[in-house]
Structure formats: structure tokens, C-alpha cells
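Structural overview
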Amino acid sequence: MSILFAQAQYVPVTCSRVLCLRSPENESSFHECFIMAAEGVDATILQLLQDNDGLDTKDIARQLGKDHQLIVGAVKSLQSLGDVITAEQRVSKWWELTGEGRQVAENGSHEAVLYRAIPPEGVLQKQLMESIPNAKVGFSNAMKKKWIQMDKTGANGPVLKQAVSAIEDEVQKTVQDIAANQGEGVDNKVKQEMKKRKLIQEVTMNSFVLKKGSGFSTSVTKLDTDLTPEMISSGLWKEKKFKPYNFDALGVPPTSGHLHPLLKVRAQFRQIFLEMGFTEMKTNNYIESSFWNFDTLFVPQQHPARDEHDTFFIKDPMYAQGFPEEYMEKVKTVHSKGGFGSQGYQYEWKREEAQKNVLRTHTTAVSARMLYQLAQQQKDGFKPVKLFSIDRVFRNETLDATHLAEFNQIEGVVADYNLTLGDLMGVLHAFFKKLGIEKLRFKPAYNPYTEPSMEVFSYHEGLQKWVEIGNSGVFRPEMLLPMGLPEDISVIAWGLSLERPTMIKYGIDNIRELVGHKINLQMVYDNPICQLTS
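No experiment lies behind these values; they were computed from the predicted model shown.

Looking only at helices and strands, the protein chain has 19 helices and 18 strands in total. Residue pairs at least 24 apart in sequence account for 69% of intrachain contacts in the protein chain once pairs closer than 6 positions are excluded. Within the structure as shown, the protein chain displays about 30,300 Å² of accessible surface, and the carbon and sulfur contribution to it stands at 50%.

Take a nonpolar patch on the surface next. A contiguous nonpolar surface patch, about 310 Å² in accessible area, is contributed by L227, I232 and W237. Topologically, W237 is positioned in the loop between α10 (229–234) and α11 (261–275). Taking the relative accessible area as the measure of exposure, W237 reaches 40% and is therefore partly exposed.

The residue K518 is located in the loop between α18 (499–506) and α19 (521–525) in this model. The exposure class assigned to K518 is exposed, which follows from its relative accessible area of 51%. In contact with K518, not counting residues within four places along its chain, are R512 and E513.

The next point concerns the sheet that holds strand β10 (residues 279–280). Spatial ordering of the open sheet is given by β10-β13-β14-β18-β17-β16-β15, a layout of 7 strands whose pairing is mixed. The sheet terminates laterally at β10 and β15 (440–447), the two strands that pair on one side only. Here strand β16 (residues 450–460) runs beside strand β17 (residues 465–475); their pairing, made up of 9 bridges, is antiparallel. Note on β17: the bridge partner recorded for E455 is N471. Of the strands in this sheet, β13 (385–394), β14 (406–417), β17 and β18 (489–497) are in contact with helix α15 (residues 364–375), which crosses β14 at around 25°. Seen against the sheet, α18 touches β14, β16, β17 and β18 and runs at an angle of roughly 145° to β17.

Tallying each qualifying case throughout the model produces 12 salt bridges. The salt bridge involving E111 is made with K145; its shortest N-O contact spans 2.9 Å. Of the two residues, E111 sits in helix α5 (residues 110–116) while K145 sits in the loop between α7 (135–144) and β7 (148–151), which places them 34 residues apart along the sequence. Relative accessible area serves as the criterion here: at 0%, E111 is assigned to the buried category. Residue classification places K145 among the partly exposed positions, given a relative accessible area of 36%.

Next up on the list: α15. Three- or four-residue spacings in an α-helix give side chains the same orientation, since the helix completes a turn every 3.6 residues. Here α15 is 12 residues long and its end C-alpha atoms lie 16 Å apart, about the 16 Å a rise of 1.5 Å per residue gives. By the criterion of burial, α15 is predominantly enclosed, with 9 of the 12 residues buried. Listing the buried residues of α15 in full gives T364, A365, V366, S367, A368, L371, Y372, L374 and A375.

As a further point, take unusual backbone geometry. The omega angle of the peptide bond from D316 to P317 is 0°, so this bond is cis rather than trans. Note that P317 resides in the loop between α12 (290–293) and α13 (325–336). Following E451, the chain continues into P452 via a peptide bond in cis, with omega recorded as 0°. Looking at the secondary structure, you find P452 in strand β16. Here the phi dihedral of Q346 falls at roughly 55°; this positive angle occurs in a residue that is not glycine. Relative to the assigned elements, Q346 resides in the loop between α13 and α14 (351–355).

The description of an aromatic ring pair uses the distance of the two centres, along with the angle that the planes make with each other. Taken as a whole and judged by the stated rule, the model has 20 aromatic pairs. Taken together, a centroid distance of 5.8 Å and an interplanar angle of 75° make the contact between F291 and Y327 edge-to-face. Of this pair, F291 sits in helix α12 while Y327 sits in helix α13, and the two are 36 residues apart along the sequence. Note on accessibility: F291 and Y327 belong to one class, buried. Judged by centre distance (4.6 Å) and plane angle (25°), the ring pair of Y327 and Y372 falls under stacked. Of this pair, Y327 sits in helix α13 while Y372 sits in helix α15; the two residues are 45 residues apart in sequence, bridging distant segments of the chain. Taking the relative accessible area as the measure of exposure, Y372 reaches 17% and is therefore buried. One aromatic cluster is present, formed by F269, F273, F278, F388, F431, F432 and W494 through successive ring pairs.

Further remarks concern the sheet that holds strand β5 (residues 85–97). Across the sheet, 3 strands lie side by side as β4-β9-β5; this open sheet has antiparallel pairing. Of all the strands in the sheet, just β4 (55–56) and β5 have a single pairing partner and so form its edges. As judged from the 13 bridges shared by β5 and strand β9 (residues 200–212), these two strands associate in the antiparallel manner. What sits directly across from I85, in β9, is K212.

Before going further, it helps to examine the packing of α11 against helix α16 (residues 421–435). α16 packs onto α11 with a crossing angle of 130° between their chain directions and a minimal axis gap of 10 Å. Here α11 lies oblique to α16, going by the angle between them. Relative to α16, the crossing made by α11 is right-handed. When α11 is examined against α16, the residues Q268, F269, I272, F273 and E275 are found in contact with a partner set consisting of F431, K434 and L435. A class-by-class count of the residues in the contact of α11 with α16 yields 5 nonpolar, 1 polar and 2 charged.

The subject of this paragraph is the side chain of T363. Mapping T363 onto the fold places it in the loop between β12 (357–359) and α15. Here T363 is in contact with S389, D391, V393, Q409 and E411, once residues within four sequence places are set aside.

A residue-level look at the protein chain finds 89% of positions with pLDDT of 70 or above and a mean pLDDT of 82. Note that pLDDT drops below 50 for residues 1–39; the model gives that stretch 82 contacts with residues more than four away or on any other chain.

What counts and how
- Residues numbered from 1 in each chain as written.
- Predicted model: local features only at pLDDT ≥ 70, side-chain atom pairs only at ≥ 80, totals over all residues.
- Heavy atoms only, no water.
- Helix = DSSP H or I, 4+ residues; strand = E, 2+ residues; numbered from the N terminus.
- Contact = heavy atoms within 4.5 Å.
- Areas by Shrake-Rupley, 256 points an atom, 1.4 Å probe, with all protein chains shown as cover.
- Patch = residues over 30% accessible without salt bridge, like charges linked within 9 Å, V, L, I, M, F, W, Y side chains within 5 Å.
- Salt bridge = Lys/Arg side-chain N within 4 Å of Asp/Glu carboxyl O.
- Buried < 20%, exposed > 50% of the residue type's maximum accessible area, 1.4 Å probe, protein only.
- Pairing = 2+ DSSP bridges.
- Axes fitted to C-alpha atoms, helices over the stretch in contact; angles between N-to-C directions.
- Expected span 1.5 Å × (residues − 1).
- Phe/Tyr/Trp six-rings, centres within 6.5 Å; stacked < 30°, edge-to-face > 60°.
- Parallel < 35°, antiparallel > 145°, perpendicular 65-115°, else oblique.
- Left-handed = near helix turned anticlockwise from the far one by under 90°.
- Nonpolar A, V, L, I, M, F, W, Y, C, P; charged D, E, K, R; others polar.
- pLDDT = per-residue confidence, 0-100.

Here it is in C-alpha cells:
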């Protein structure tokens, strides 16, 4: 049914099948009365706008006694017809009572109810607390306001008595005022106190202010959207009005693959390395022998990192074969007896320990292989190289917000004449600046295969602290010279985490939200492999 208004606000009164509207200016007479037609709510809205431009859907819902969402749905339907109406969103806020607040408005505050329940001679606290609702809250507030007092001398337990002859229940009066005026005129501090007591709640409503559009009409025919074969064969299409096609509409985005943030940052790291002139190393061997993973890096066989607490050992096959024997003998000698200016570790080096297969704990094992191959190719003179790799490594770590048992390591190696620690710091600064990370700190550290050594830290805005993102240093002569590299060649190297820079870049404070069952899939969906644009 539809109805026409001539003024902005009326009180609906239903009589028989007619809805009459009484003007607030004249309570004794009806301003206008219209028969509700059968076109529906959308037609009703158009009739309202005929003489009343600028109506709020909230007011329309109240005037018609309809649910507001029904009115909003009708507005959306009218908007689909073209420029019939315009709708500007408006946000309204007001305060209303909760269920507990309505009880207080009707019966009084919890403290007032408790006070009135105490007879002149007093009552046992236990008996009173069991006889009225919300007794704990009422007791606490009544004691604070000094409305009641407690006598602990009784043989049967504490006795409560009224401490004043009369009270004024300000809480009840306040919630009644809020109920009557939706919080208008009530001090904000008082409202917050009532909210804290869960007596009132703030309500937010999104409504729309409606105005006539350029194509406004009270008798709008719904446009057809589909041209059917029946319309064409019967000629009915000539009498129909069709909704114009919107050729600028984006339509449904096509489904596509998505890039995990780790893959995205990995691609950025790789591009940065290539821009800086690095060559990528092959890292397609997750299983390494302890010889390449530890011994060639001058890590002693009794080092704690090599025990089962930090390393995953392979059961089958347990041992590796096919080592360069001459080089292996030099590694054994520098470990057990020393050499090249070093006294070594002075222990009995065991071949079977070096043969044990492990899940590689770092990609530095790949770097050691590459440097050994480089040393074997020096017949035509040494040629400086810059190498990098990005791949998975495994460590027997305890899982927490910044550690996983498997993660990706970014390995960088530069071999040239007379390189220093300053060169290493400069390369790292240039590298991370390209990634957008400029807050770096370096801390002296110890590594068996580098001297000097540095840990690299970056500031994590999410965690609000400095987080270690990698390790670095200058490879020791005990590692390089047994390979056959010239004495004046220095090698600077670093191993960085892929996950932690990704966490810093994307503001993630728990690595388990980046990898694992707690991952935010929406974050992945927002990173498509490619986007089709016009």
C-alpha cells in the first residue's frame, strides 16, 4: 500500500483499511488522510517524496510502522531503476537501555533495591544476599554510598542495617532520563558510568536521506534486464523498456592464482640480488652430508649445533659417500692439528661423523661447495664472484612467535681481493634499502667459520623491538685455504631470514600467522600472481 504526505512528520493512525496521518501541530484534527494503495513500499516512498523532498529512511520507517531494513531494501530497489531517487547515507547514534537497565528504570538501582529490602531491625547478610537479584553489585554500591552498615558482632554472622533514613536513587532517575531522551542532555561522564554498569548501550544506525532524482516519477515501471527468445519471436520486445547496459562496470573478477607473501618477498629479494650483479646458486639438495654442512665450514665435530637437539639426522641413508679425498684430508688436518697459521681444535677428527646425512641447517653448505669448485677453476687466474641463494633449511627449533623448525635462508657470498667488514656492512645496507628496510643494527657475534662475525637486526614496528634477521661475517682462512683459494682472497658472506623481513614488511607479529594453519588467507588472496587490466 502507498500513502502521500504533505508535511515532514505525522503520527500514523490505523482505522479500518485507511491509514490517516495526524499533524503534530494540530492534535484535534487530521491534516491529511490517504488510502494505502497496493504497489508496495517502494511505491509508498515515491509518493512520500512527491511533496516531501529530503526524507530520512529512519523517519519513514517510524511513520509507516515498518522495519527500517525493509525501507532500505525498497530504496535499493528504486536505485536500481536509474536516476529516480538519490540517497545520501547518514549515521545516527543514540543511547538506549539494556535489559538490565530497563529493570533498573522500573524497580530502582541494585543498591536501592537492596537498601529497601533491609528491615528496620536489620537482616543477616547471607539471608539478604540469597533473597534478591544482583545482590553483590547492590551490596558493593550501597556500602560505597554509605547507605548501609554491617554489624559483625552477631553470633549467626554479619548483620546488615540501614545507615540512613532515606535515599535518593540517582541511578534510576538517570536511566529513566536516558530512556526518555535517548541520552540527550545527560552528561557524557554519567553516560559512560551507566555504560560501564551495563545499564545502557550506544546504538548506531545507518540511514539514507532521500531526494528526487532527475528521472523522478511516482509511477515507475521496472525495467527489464533480459532479452529472451520469446520476446523476440512474439515481438513483445518492442513494448518493453530495458535497463541500459553499463559498459564501464568491472564485472566479476576472474579467478586466478595467488602469491603467498613469502613468495612475493622472495621474488623481491631475488630481483635485488640480480640488480646488484649476483649469480644464483643451485640449492636443490635439502639433504647434505655433515662434511659439507659442518666440517668444511670449520665447525668442530663436538659443536653443540651438530647434536640431535639442533639438527635433524637422516636415518636412511644414514651415511654419504663420494667425497673429494684430497680436500677431505686437508679439512681433517686443519681440524685436528691446525694449519695455515691456525692451531685447529686439537681433537681426533672422525670420518664417520663427517659422513652422517642431515637435513641442511643452512644454505652455507651450498656456498662451501661453490667456493671449492671456484678454487678448482683457478688455472686461468682468480675471477671475483658474487653468489646468492634463497631456499629452505631445517633446524630442530622450539616453535614460538619468531621461530619455526623449517624456514627460508637468504645466502649471499662475495669473493674478491682484500674485502673488509666495512664492505660487508655497506653491501647489507644497500641490499635492505632496496627492500625498504633502513633501520639496521649490527652486533658482534661468534661463528666457527667467520671472523669477524656480526648479527644483523632490524626494527619490527609490530613487535616494537629490534629483531634478529640474519648473521654475517668474513670467512676464516681455516675454511678457505684448504679449498685452494689464494691467500689474498677474502670472502664476505651473510645468511638472512626470509620470514622475518616479510613479517616486518607486512606488520605480522607471529610467524605462525605467516606459515601454518593460523595464516590469514585473505592476505594471500590480496596478492594475485597477475592482474588483468584494460
